[in-house]
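# Reading the structure
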Amino acid sequence: MPQEAPTPSARQNELLEAAYRYALAHGLSDLSLRPLAEAIGSSPRVLLFLFDSKDGLLRALLARARADELALLDRARRPDRPTGLAPAVERVWTWLAAAEHRPLLRLWAEAYARSLVQPDGAWAGFARATVEDWLGVLADCQPPSERDSEDGAVRRTLALAVLRGALLDLLATDDEQRLTKAVEHQLALLRE
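Bear in mind the structure is a predicted one, so any value in this text is a computation, not a measurement. (Residues numbered from 1 in each chain as written. Predicted model: local features only at pLDDT ≥ 70, side-chain atom pairs only at ≥ 80, totals over all residues. Heavy atoms only, no water.)

### Focus: the environment of Arg 21
- On the secondary structure map, Arg 21 appears in helix 1 (residues 10-26).
- Look at Arg 21 and you get exposed, because its relative accessible area is 52%.
- Sequence spacing of Arg 21 and Ile 40 is 19 residues, and the spatial spacing of their C-alpha atoms is 9.2 Å. (Helix = DSSP H or I, 4+ residues; strand = E, 2+ residues; numbered from the N terminus. Buried < 20%, exposed > 50% of the residue type's maximum accessible area, 1.4 Å probe, protein only.)

What follows is the structure, encoded as structure tokens:
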């Protein structure tokens, strides 16, 4: 029987939230335990004790970021009443384009890229998991006859590719107007 992970302590949760706010502001690439611990009112030793290792802390931070991402995606999901792919893409893009979400999205982009070039360790599986998460949400928004067809899978894959490409360009350029027009063009094609 597999052993269950222990329930995190209140202190571990508190430090994780503080570390998450720090990661949103500073990123994860050059994360060093000493400056992080100082910024969040802890010590490297306590962080290593609570998270087992730096990789354990990174995994916890990635899980925390993924929880925020899933909360976003759940707003678009309506499995009880499929809304269609185009309205789902429109809702997701509106959320992605909001300036207040840029710190989370930069963190997501960083983790996604690191997962591609460092597929082992703390980053393992992050990119694949987010692709599956997003495709699942888009599938839930499709009517069953479309969702279960090969064409439905192609349409949601294209929609995801457009959303991710537009998001990466938005993070690089902040040109929300140009990218929103491009997404709207794709939405018109989805509605045909």
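### Section: the pattern of salt bridges
- Summed over the entire model, instances satisfying the criterion amount to 11 salt bridges.
- Between Arg 64 and Asp 68 there is a salt bridge whose closest N-O contact spans 2.7 Å. Taken as a pair, Arg 64 and Asp 68 lie in helix 4 (residues 54-76) at a separation of 4 residues, close to a single helical turn.
- Owing to a relative accessible area of 19%, Arg 64 belongs among the buried residues under this scheme.
- Here Asp 68 falls in the partly exposed class, since its relative accessible area comes to 26%. (Salt bridge = Lys/Arg side-chain N within 4 Å of Asp/Glu carboxyl O.)

### Regarding the packing of aromatic side chains
- Within the structure shown, the criterion is met by 2 aromatic pairs.
- An aromatic cluster is present here, built from Trp 108, Tyr 112 and Trp 134 joined pairwise through their rings.
- The ring of Trp 134 has Arg 164 sitting right over it, with the charged end atom 4.5 Å from the ring centre. (Phe/Tyr/Trp six-rings, centres within 6.5 Å; stacked < 30°, edge-to-face > 60°. Lys NZ or Arg CZ within 6 Å of the ring centre and 35° of its normal.)

Bear in mind that shape data such as this cannot, by itself, settle questions of function.
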